[in-house]
Amino acid sequence: MIGAERVDFIGVPVRDLKRAEEFYGKTLGLERNPNSGERWIEYELGSVTIALISPEAMGPDFEPQPHQMPIALRVPDVEEARRKLEAAGVEFGKASIDSGVCHIAGFTDPDGNAFILHRRYAPYADGTTP
Amino acid sequence: MIAVQRTDFVGIYTQDLERAKKFYGETLGLKRNERSSDEWPEFETGNLTILLTSPERTGVEFSPNVGAIALRVPDVAEAMGKLRAAGVQFDFDDVYESPVCHMAFFKDPDGNALMLHHRHAPYSDGSLP
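Residues numbered from 1 in each chain as written. Chains lettered and ligands numbered in written order. Predicted model: local features only at pLDDT ≥ 70, side-chain atom pairs only at ≥ 80, totals over all residues.

### Comments concerning the overall build of chain A
Within chain A, the regular secondary structure consists of three helices and eight strands. Overall, chain A shows an N-to-C arrangement of helices and strands of β-α-β-β-β-α-β-α-β-β-β. Its C-alpha atoms give chain A principal-axis dimensions of about 50 × 45 × 25 Å. Looking at chain A as a whole, 40% of its 130 residues qualify as buried. Within chain A, contacts between residues at least 6 apart in sequence are counted, and of these 53% link residues at least 24 apart. (Helix = DSSP H or I, 4+ residues; strand = E, 2+ residues; numbered from the N terminus. Buried ≥ 20, exposed ≤ 12 C-beta atoms within 10 Å, placed from the backbone. Contact = placed C-beta atoms within 7 Å.)

### Quick word on the sheet that holds strand 3 (residues 41-44) of chain A
In spatial order, the strands read 2(A)-3(A)-4(A)-1(A)-5(B)-8(B)-7(B)-6(B); together these eight strands make up an open sheet with mixed pairing. One side of each edge strand has no neighbouring strand; the edge strands of this open sheet are strand 2 (31-32) of chain A together with strand 6 (96-97) of chain B. Inspection of the sheet shows strand 2 of chain A paired to strand 3 of chain A by two bridges, in the antiparallel sense. Each bridged residue has a counterpart across the sheet, and for Glu31 of chain A the counterpart in strand 3 of chain A is Glu44 of chain A. Along the sheet face, helix 1 (residues 17-27) of chain A touches strand 2, strand 3 and strand 4 (49-53) of chain A and points at about 15° away from the line of strand 3 of chain A. Along the sheet, helix 3 (residues 76-85) of chain B makes contact with strand 7 (101-107) and strand 8 (113-119) of chain B, crossing strand 7 of chain B at roughly 20°. (Pairing = 2+ DSSP bridges. Axes fitted to C-alpha atoms, helices over the stretch in contact; angles between N-to-C directions.)

### What to know about the domain arrangement of chain A
Residue and element names in this part refer to chain A. What the domain assignment lists for chain A is domain 1 (1-62) and domain 2 (66-130). Taking only C-alpha atoms, the centre of domain 1 and the centre of domain 2 are 20 Å apart. When contributions to the side of domain 1 that touches domain 2 are tallied by element, the ones reaching two or more residues are strand 1 (6-13) and helix 1. The residue makeup of the side of domain 1 that touches domain 2, split by class, is seven nonpolar, one polar and two charged. (Domains from an automatic or database assignment. Nonpolar A, V, L, I, M, F, W, Y, C, P; charged D, E, K, R; others polar.)

### A look at the pairing of strand 1 of chain A
Among the eight residues of strand 1 of chain A, seven are classified as buried, and the element is accordingly described as predominantly covered. Where strand 1 of chain A meets strand 5 (residues 69-72) of chain B, four bridges bridge the pair, whose relative direction is antiparallel. If you follow Ile10 of chain A over to strand 5 of chain B, its bridge partner there is Ile69 of chain B. Sheet topology note: the strand 1 of chain A/strand 4 of chain A ladder contains four bridges and is parallel. Bridge assignment links Gly11 of chain A to a residue of strand 4 of chain A, and that residue is Ala51 of chain A.

In structure tokens:
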């Protein structure tokens, strides 16, 4: 209807841009978009870009509220990735889940934004696998 | 470090699954992932899958997303007009023009932030999105 072509970015609200840069760039090891600026920083999540929405970009009155929506990062092995992130100090609130078709482990960034490690292992109904 | 391969989906919480299905499928006109069930409906934006889910399922207390998901459209003003005609309310009267892009901020029926987005300026390396 409106001709949506793709998602250009998902905004992730953060209070401390330096801390967030450290987390996304080093702890998660994501590639920074070289075309993003010093106040508007973007990271590549493979199929989509996240943009850190910070007081530097929005002004000093910006009050970040963390998002609940889980951004599901595909990793080869959820438990292995979880162990690595836990060793780096990332907190996972709950036990990992086996949904019957996929493995899931939820965590948050330093600002409380929700992410999950995700790996679907079961084929779809048509027999293909992700 | 943990070898992130891609983003499989983003889960958007809704307090009314039927209403949200109608909004994402009909008002926004996103394609339904035919493999997804009515219980866990997914919509395709081109590069990102949106999964609609309810807070009870994962035991969280509902609060709407503030950081917007930016939908690329060919023409922000035109898309804004179409969505307004369909009853969608926008945060500001006019298209917001940054030096590099056009934006229009709105919410889904649950109050989750979305935006129409179109970058018109080239990046510093001369390429365009």
